[in-house]
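Observations on chain architecture
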Amino acid sequence: MPIRRLAETTINRIAAGEVIERPAAAVKELIENALDAGAKRVEVILAGGGIERIEIIDDGHGIPAEELPLAIERHATSKLQDEALVQISTLGFRGEALPSIGAAAKLTLISRPAGQDSAWRIDVAGGAISPARPVPGTKGTRAIAEDLFYATPARRKFLRAPRAEAEAAERTVWRLALSAPHVAFRLVSDERVLFDLPVQDDLARIAALFGREAANAMLPLEATRDDVRLSGLIGPASLNRATARLQSFVVNGRPVLDSMLKLSLRLAYRDVIPTGRFPVAALRLDLPDEALDVNVHPAKSELRFADQNGVRSLVIGAINRALAQPVSLGTAPTAT
Ligand code: ADP
Ligand code: MG
């Protein structure tokens with residue numbers, strides 16, 4: 001066959017498979033957009049594990065009506081100047097999420113920036129865009145993705161059962177809610193309210209999302225090394241679990257699943273937790289952006305620290321010190 005250029009819709013469908021491999025990935029991208037828009041409140045409503053429907057409502061700065069068509073175009077972004085690839089403070093920056101979701105699913109965006117008379121709505125289905133039109137709506141953005149992967153049956157085949165997809169999507173919201181305690185978060189899945197959290201500080205948010213039992217037993221931790229700051233709560237060895245579910249890492253405000261951080265955690269507990277059991281921990285790292293390369297992985301969940309060894313010893317050292325502290329009685333100081 002001769003070489004020819006692929007059609008835009010085909011390119012988008014291929015990209016959709018890479019960026020949006022399952023409902024949880026769409027949930028992540030849409031929530032990151034809400035957070036990037038400066039939302040103070042994010043509501044996530046899932047149906048059928050997100051395969052049927054994902055709805056994200058935010059009160060962020062919105063998208064002006066005339067920019068709605070651009071928002072769903074590939075590599076269109078308001079967040080990145082070409083020359084700025086090195087310094088990235090927003091969560092999304094590739095301009096790929098919305099076109100990918102719009103290629104794989106039915107995507108609706110309803111948005112109203114402050115100062116615009118009404119909301120405007122645009123729809124994309126399988127890559128086909130229908131013209132934007134005014135609709136009623138409050139300030140902020142509502143993104144609705146329905147029938148995920150209906151346009152990409154090959155991808156759809158790889159989805160797990162709705163329950164498993166729902167769990168993955170719910171965990172994604174859980175991790176993002178941990179990363180942004182300054183934002184109110186509500187999560188509803190198949191009509192069950194899983195959490196509804198006000199604006200909180202970091203420790204209160206961890207306590208709310210790790211559950212009362214874990215939160216009461218967890219130990220605070222704080223340490224710095226050069227310009228890397230570590231903080232959070234860790235479980236005592238006795239709080240170990242059969243899975244790594246109660247572990248969260250937030251680096252410069254992003255939830256990450258970083259293998260070096262996971263390994264550091266395992267090493268720190270190596271002598272006190274039996275093999276096959278997992279410690280409980282909510283750790284936050286803050287460091288200068290230039291000490292971090294977030295561009296390693298398209299889903300942006302793997303990291304590369306400029307000083308991998310330094311970060312590893314910071315984490316292990318701080319955990320070892322916290323575990324060596326006299327055990328807290330888990331009781332609040334009594335008011336006198
Ligand atoms: P990226 O986030 O990488 O820029 P997306 O495809 O996710 O790419 O979004 C494209 C653009 O649409 C964003 O750059 C932003 O300007 C706008 N946008 C998307 N979602 C929202 C939202 N919830 N609130 C405000 N603007 C949004
Ligand atoms: Mg984005």
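Predicted model, so just to flag it, every value in this text is computed and none were measured. (Residues numbered from 1 in each chain as written. Chains lettered and ligands numbered in written order. Predicted model: local features only at pLDDT ≥ 70, side-chain atom pairs only at ≥ 80, totals over all residues.)

With respect to the overall build of the protein chain
What the protein chain contains, in helices and strands, is 10 helices and 15 strands. Of all 336 residues assigned to the protein chain, the portion counted as buried reaches 39%. Contacts in the protein chain between residues at least 24 apart in sequence constitute 69% of all its contacts with a sequence separation of at least 6. (Helix = DSSP H or I, 4+ residues; strand = E, 2+ residues; numbered from the N terminus. Buried ≥ 20, exposed ≤ 12 C-beta atoms within 10 Å, placed from the backbone. Contact = placed C-beta atoms within 7 Å.)

Some details on the sheet that holds strand β4 (residues 119-125)
The 8 strands lie next to each other as β5-β4-β3-β6-β2-β1-β7-β8, forming an open sheet whose pairing is mixed. Every other strand in the sheet has two partners, leaving β5 (128-135) and β8 (192-197) as the edge strands with one partner each. Taking the axes of each pair of neighbouring strands and ignoring which way they run, one obtains an average angle of 10° across the sheet. (Pairing = 2+ DSSP bridges. Axes fitted to C-alpha atoms, helices over the stretch in contact; angles between N-to-C directions.)

Brief notes about unusual backbone geometry
Of note, aspartate 147 is a non-glycine position whose phi angle comes to about 50°, a positive value. The topology assignment puts aspartate 147 in the loop between β6 (140-146) and α5 (153-157). Aspartate 147 gets classed as partly exposed once you count the C-beta atoms within 10 Å, which come to 16. Its identity is not glycine, yet aspartate 226 carries a phi of approximately 50°, on the positive side. Relative to the assigned elements, aspartate 226 resides in the loop between β9 (219-225) and β10 (228-234).

Focus: the packing of helix α9 (residues 259-268) against helix α10 (residues 308-324)
Interhelical geometry of α9 versus α10 gives an angle of 35° and a closest axis separation of 9 Å. Handedness of the α9/α10 crossing: right-handed. Taking contact as the criterion, the partners of Met260, Leu261, Ser264, Leu265, Leu267 and Ala268 in α9 are, on α10, Gln308, Arg312, Val315, Ile316, Ile319 and Asn320. Considered class by class, the residues forming the contact of α9 with α10 number 8 nonpolar, 3 polar and 1 charged. (Left-handed = near helix turned anticlockwise from the far one by under 90°. Nonpolar A, V, L, I, M, F, W, Y, C, P; charged D, E, K, R; others polar.)

Some words on the sheet that holds β10
One open sheet accounts for 5 strands, arranged β9-β10-β13-β11-β12; its pairing is mixed. Only two strands of the sheet have a single neighbouring strand rather than two, namely β9 and β12 (254-256). Put simply, the sheet's adjacent strands are angled 20° from each other on average, direction ignored. Strand direction decides the pairing type here: β10 and strand β13 (residues 281-286), joined by 6 bridges, are antiparallel.

A look at helix α4 (residues 97-104)
The periodicity of an α-helix, 3.6 residues per turn, causes residues three or four places apart in sequence to face the same way. Burial runs high along α4: 8 of the 8 residues are buried. Buried residues of α4: Ala97, Leu98, Pro99, Ser100, Ile101, Gly102, Ala103 and Ala104, and no others.

Observations concerning the pairing of β8
Of all 6 residues making up β8, only 0 are buried, and the element is barely covered by its neighbours. Pairing analysis gives 5 bridges linking strand β7 (residues 184-189) to β8, with the strands arranged antiparallel. Bridging across to β8, serine 189 finds its partner in arginine 192. Where β7 folds back on β8, the antiparallel hairpin that results is connected by 2 residues, among which aspartate 190 adopts a positive phi of roughly 45°.

A short note on the confidence of the model for the protein chain
Any region with low pLDDT has predicted coordinates that should not be read closely. Of all residues in the protein chain, 88% attain a pLDDT of 70 or more, and the chain-wide mean is 88. Below pLDDT 50 for its whole length, residues 85-89 participates in 5 contacts with residues either more than four positions away or in separate chains. On the interface metric, ipTM, the complex scores 0.99, and its pTM is 0.89. (pLDDT = per-residue confidence, 0-100.)

Regarding the packing of helix α2 (residues 23-36) against helix α6 (residues 162-179)
Packing of α2 against α6 brings their axes to within 8 Å, and their N-to-C directions diverge by 25°. In terms of orientation, α2 lies roughly parallel with respect to α6. Considering how the two elements wind past one another, α2 and α6 form a crossing that is right-handed. Residues Pro23, Ala24, Val27, Lys28 and Ile31 of α2 lie in contact with α6, whose contacting residues are Glu165, Ala168, Ala169, Thr172, Val173 and Leu176. (Parallel < 35°, antiparallel > 145°, perpendicular 65-115°, else oblique.)

Describing the nonpolar core
Ranked by internal contacts, the top residues of the largest apolar core, which has 83 residues, are Ala26, Val27, Ile31, Ile56, Ile101 and Val315. Ranked by residue count, the leading element in this core is α2, at 8 residues. When residues are assigned to domains, this core turns out to be shared by domain 1 (8-197) and domain 2 (212-324), each giving three or more. Ignoring any residue separated from it by four or fewer positions in sequence, one finds valine 27 in contact with Val44, Gly50, Ile54, Ala169, Thr172 and Val173. (Core = buried A, V, L, I, M, F, W, Y, C linked by C-beta atoms within 7 Å. Domains from an automatic or database assignment.)

Section: the environment of glutamate 29
Relative to the helices and strands, glutamate 29 is located in helix α2. With 25 C-beta atoms packed within 10 Å, glutamate 29 lands in the buried category. Distance from glutamate 29 to valine 19, taken between C-alpha atoms, is 9.0 Å for residues 10 residues apart in sequence.

Concerning the pairing of β4
Among the 7 residues in β4, 5 count as buried, and that is most of the element. One ladder, built from 6 bridges, connects strand β3 (residues 106-112) with β4; its direction is antiparallel. Of the residues in β4, the one forming a bridge with serine 111 is tryptophan 120. What sits between the antiparallel neighbours β3 and β4 is a turn of 6 residues, in which glycine 115 has the positive phi angle 85°. Pairing geometry for β4 and β5, over 6 bridges, is antiparallel. When the sheet's bridge partners are listed, valine 124 is paired in β5 with isoleucine 129. Hairpin remark: β4 followed by β5, antiparallel, with 2 residues in the connecting loop; positive phi at glycine 126, about 55°.

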